[in-house]
Amino acid sequence: MLKNHFFFCLKVILHNLASCHAFYKDYINASIYFKKLLNLEPENVQVMGSYGRVLAMAGEVEDSKKVLEDALHLAEDRNEEQLIEQVCMLSIYIYIIYG
């Protein structure tokens, strides 16, 4: 029980750190914290979308496209329509802005 609570708190802290860095346009550090969060939850499509977005903004466009492609495949496999739509919109945005 304590171990589960620890991991829950760790995931919340990592997400908050990543989001704060992204808010202040520190995309490199945001991507580091999102990556750490993905190491704990490797199939979290929402985190993959956030990670892909900050990677693109940090200039890592090819890595961003790979992460978003993986997120889209996971969302499609699970038939999660809302997540599919979110990932598609992020992918289109990154394609338009970064090529």
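Up top is the structure these notes are about.
Residues numbered from 1 in each chain as written. Predicted model: local features only at pLDDT ≥ 70, side-chain atom pairs only at ≥ 80, totals over all residues. Heavy atoms only, no water.

### A closer look at unusual backbone geometry
Turning to step 1, where the next piece is worked out: A positive phi angle, close to 60°, is found at Lys25, a residue other than glycine.
Turning to step 2, where the next piece is worked out: The residue Lys25 is located in the loop between α1 (2-23) and α2 (27-40) in this model.
Turning to step 3, where the next piece is worked out: One non-glycine residue, Asn79, adopts positive backbone phi at about 55°.
Turning to step 4, where the next piece is worked out: Position of Asn79 relative to the elements: it lies in the loop between α4 (61-77) and α5 (81-98). (Helix = DSSP H or I, 4+ residues; strand = E, 2+ residues; numbered from the N terminus.)

### Regarding the pattern of salt bridges
Turning to step 1, where the next piece is worked out: Applying the stated rule across the entire model yields four salt bridges.
Turning to step 2, where the next piece is worked out: Lys11 is the salt-bridge partner of Glu41, the closest N and O atoms lying 3.6 Å from each other. With Glu41 in the loop between α2 and α3 (45-57) and Lys11 in helix α1, the pair connects residues that are 30 residues apart, well separated along the chain.
Turning to step 3, where the next piece is worked out: Overall, the relative accessible area of 26% leaves Lys11 in the partly exposed class.
Turning to step 4, where the next piece is worked out: A salt bridge links Glu62 to Lys65; its shortest N-O distance comes to 3.8 Å. Here Glu62 and its partner Lys65 are both found in helix α4, three residues apart, which amounts to about one turn of the helix.
Turning to step 5, where the next piece is worked out: Since its relative accessible area comes to 57%, Glu62 is described here as exposed.
Turning to step 6, where the next piece is worked out: On the accessibility criterion, Lys65 (30% relative accessible area) is partly exposed. (Salt bridge = Lys/Arg side-chain N within 4 Å of Asp/Glu carboxyl O. Buried < 20%, exposed > 50% of the residue type's maximum accessible area, 1.4 Å probe, protein only.)

### Remarks on the nonpolar core
Turning to step 1, where the next piece is worked out: In terms of nonpolar packing, the biggest core is built from 26 residues, with Phe34, Val45, Met48, Tyr51, Val54 and Val87 touching the most fellow members.
Turning to step 2, where the next piece is worked out: When residues of this core are traced back to their parent elements, those giving at least two are α1, α2, α3, α4 and α5.
Turning to step 3, where the next piece is worked out: In this structure Met48 touches Leu38, Pro42, Val67, Leu68, Asp70, Ala71 and Leu74, once residues within four positions along its chain are discounted. (Core = buried A, V, L, I, M, F, W, Y, C linked by side-chain atoms within 4.5 Å. Contact = heavy atoms within 4.5 Å.)

### What about α3?
Since the α-helix turns once every 3.6 residues, residues separated by three or four places project in the same direction.
Turning to step 1, where the next piece is worked out: A rise of 1.5 Å per residue sets the reference length of α3, with its 13 residues, at 18 Å; its end C-alpha atoms lie 19 Å apart and thus fit the reference within 8%.
Turning to step 2, where the next piece is worked out: Where α3 is buried, its residues meet α1, α2, α4 and α5.
Turning to step 3, where the next piece is worked out: Where α3 begins, the side chain of Asn44 points an oxygen toward the backbone nitrogen of Gln46, at a separation of 3.1 Å.
Turning to step 4, where the next piece is worked out: A positive backbone phi angle near 95° is found at Gly59, which sits one or two residues after α3. (Expected span 1.5 Å × (residues − 1). Polar contact = N/O pair within 3.5 Å; in protein donor to acceptor, adjacent residues only side chain to side chain.)

Distances and angles like these do not, on their own, reveal function.
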